[in-house]
Amino acid sequence: MATVVAPPVTEPPRHSEEERLRKAKRKERAGIAASRIGGYVFFLGLWEFASGRLMDENLLPGPIAVFQTFGDLWASGKVPGAFADTLTRIGIGFTLAFFVGTAVGILMQNRWLNGFFRDAVTVGVTTPGLIWALITAIIFGNRPYGPIIAIVLTTFALISVNVAEGIKSLPKDLIDMAKSFGVGVVRRNRQIVIPHLAPFIFTGVRFGFSIAWKVTVLTEVFSSSSGIGFEMRTASQLFRLPEFLTWILAFYVFALFLEKVVLEVIERRFFAWRATVS
């Protein structure tokens, strides 16, 4: 009598835990992206519906007319030139604010210097950017360094506060242990101090840059002969609403690009070591 041997049961391949987590993260990112795109489609559709139906198209041009105007402005060279002027002011002003704010934050570790700078930093944090924009417009007129000074006065305090708090929370036990094992100053700063201060610095930079961007455009509205703010003022004075809304939309899109693409990518790459450690 022949015996029948059953074939071995092969278990279905199991995905590793890491692969399952990667798929879950990809699915989550896809869902977030879809919801974000859906939000843009909804608001643009509502805007297009309201234009010409709920409000006069001359008072509220639709997104299609705004996009056409953007193409015309880009072809004329106004958009690249205006953005170049604005970004130049932001680059110079925020670089100065970063170094001034970092120096003040370090000096505030001294008890006497902390008392010297504390009220100035408090005023810088609490004063609206509109105040500095008006002051620099009155004092400097349309001189090119007016917006730069407004940026420094508005944003340096944010850097100072974050740097000062980061220094206060430095792991002193870890630094003392590194000293006891003979770790040099350069290596100690590179492997302990800078990685610890980096999140505080990046937080100050992101908040400061977003404020600097708005203050620059606001200053250009009041007292500049070039830049995005100047173009907004000119379009509003001539009652060119499609052009005015185009500059506003371009401002929003570029600000989102800098915040969500440029700064987030830089921050993610800088802190890539965290994923490796965890």
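For the structure, see preceding data.
Summary of the structure given here. Everything numeric in this text was worked out from a predicted model, so none of it was measured.

A word on the overall build of the chain
Then step 1. Along the chain, the regular secondary structure elements total 11 helices and zero strands.
Then step 2. Secondary structure elements of the chain occur, N-terminal to C-terminal, as α-α-α-α-α-α-α-α-α-α-α.
Then step 3. The globule rule puts the C-alpha radius of gyration for 278 residues at 19 Å, and the 27 Å found for the chain is more than 25% above it.
Then step 4. Projecting the C-alpha coordinates of the chain onto the three principal axes gives extents of approximately 100 × 65 × 30 Å.
Then step 5. Counting over 278 residues, the chain shows a buried share of 33%.
Then step 6. Expressed as a percentage of contacts within the chain between residues at least 6 apart in sequence, the contacts between residues at least 24 apart total 71%.
Then step 7. Put simply, the chain shows about 17,900 Å² of open surface, and 68% of that area lies on carbon and sulfur atoms.

Digging into the packing of aromatic side chains
Then step 1. Taken as a whole and judged by the stated rule, the model has 11 aromatic pairs.
Then step 2. Between Trp213 and Phe254, the ring centres sit 5.7 Å apart and the planes meet at 35°, which makes this aromatic pair tilted. Here Trp213 is found in helix α8 (residues 185-223), whereas its partner Phe254 is found in helix α10 (residues 241-270), with 41 residues between them in sequence.
Then step 3. Classification of Trp213 by relative accessible area gives buried; the value is 3%.
Then step 4. Among the residues examined, Phe254 registers a relative accessible area of 24% and is labelled partly exposed.
Then step 5. Members of the aromatic cluster, joined through ring pairs, are Phe83, Trp213, Phe251, Tyr252, Phe254 and Phe257.

Focus: unusual backbone geometry
Then step 1. A positive phi angle, near 55°, is found at Phe239, a position not held by glycine.
Then step 2. By the secondary structure assignment, Phe239 is in the loop between α9 (228-237) and α10.
Then step 3. Note on Phe239: relative accessible area 56%, which makes it exposed.

Details of a positive patch on the surface
Then step 1. Residues Arg22, Lys23, Lys25, Arg26, Arg29, Arg268 and Arg269 make up a contiguous surface patch of positive charge.
Then step 2. No other element matches the five residues that helix α1 (residues 17-50) contributes to the positive patch.
Then step 3. Following the sequence through the fold, Arg22 ends up in helix α1.
Then step 4. Judged by relative accessible area, which is 43%, Arg22 ranks as partly exposed.

Focus on the layout of surface pockets
Gaps left between atoms show up when a probe the size of a water molecule is rolled over them.
Then step 1. Reported here for the largest pocket is a volume of approximately 360 Å³.
Then step 2. For the lining of the largest pocket, the elements supplying multiple residues, two or more each, are α1 and α10.
Then step 3. Among the elements that take part in the lining of the largest pocket, α10 stands out by supplying six residues, more than any other.
Then step 4. Residue composition of the lining of the largest pocket, by class: 11 nonpolar, no polar and no charged.

As for the side chain of Glu220
Then step 1. Tracing the backbone through its elements, the reader meets Glu220 in helix α8.
Then step 2. Sequence-distant contacts of Glu220, defined by excluding residues within four places in its chain, comprise Thr86, Arg89, Ser226, Gly227, Ile228, Gly229, Phe230 and Arg233.

Things to note about a nonpolar patch on the surface
Then step 1. On the surface, a nonpolar cluster with roughly 890 Å² of combined accessible area is contributed by Phe42, Phe43, Leu46, Phe49, Leu54, Met55, Leu59 and Phe239.
Then step 2. Turning to its location among the elements, Leu59 is positioned in the loop between α1 and α2 (63-76).

A word on the pattern of salt bridges
Then step 1. According to the stated counting rule, one finds four salt bridges in the structure shown.
Then step 2. Of the charged contacts, one joins Lys168 and Glu165 as a salt bridge, the two residues approaching to 3.9 Å between their closest N and O atoms. With a gap of three residues between them, Lys168 and Glu165 both fall in helix α6 (residues 145-168), about one helical turn apart.
Then step 3. Looking at Lys168, the relative accessible area reads 54%, which means it is exposed.
Then step 4. Three or more residues are tied together by salt bridges with common partners; here these are Lys78, Arg240 and Glu243.

About the thresholds
Residues numbered from 1 in each chain as written. Predicted model: local features only at pLDDT ≥ 70, side-chain atom pairs only at ≥ 80, totals over all residues. Heavy atoms only, no water. Helix = DSSP H or I, 4+ residues; strand = E, 2+ residues; numbered from the N terminus. Rg over C-alpha atoms; globule rule 2.2 N^0.38 Å. Buried < 20%, exposed > 50% of the residue type's maximum accessible area, 1.4 Å probe, protein only. Contact = heavy atoms within 4.5 Å. Areas by Shrake-Rupley, 256 points an atom, 1.4 Å probe, with all protein chains shown as cover. Phe/Tyr/Trp six-rings, centres within 6.5 Å; stacked < 30°, edge-to-face > 60°. Patch = residues over 30% accessible without salt bridge, like charges linked within 9 Å, V, L, I, M, F, W, Y side chains within 5 Å. Salt bridge = Lys/Arg side-chain N within 4 Å of Asp/Glu carboxyl O. Lys, Arg positive; Asp, Glu negative; His and termini not counted. Charge placed at Lys NZ, Arg CZ, Asp CG, Glu CD. 1 Å grid on protein atoms, 1.4 Å probe; cavity = no way out; pocket = protein on both sides within 12 Å on 5 of 7 lines; lining within 4 Å. Points joined across faces, edges and corners; volume = space filled by probe spheres on them. Nonpolar A, V, L, I, M, F, W, Y, C, P; charged D, E, K, R; others polar.

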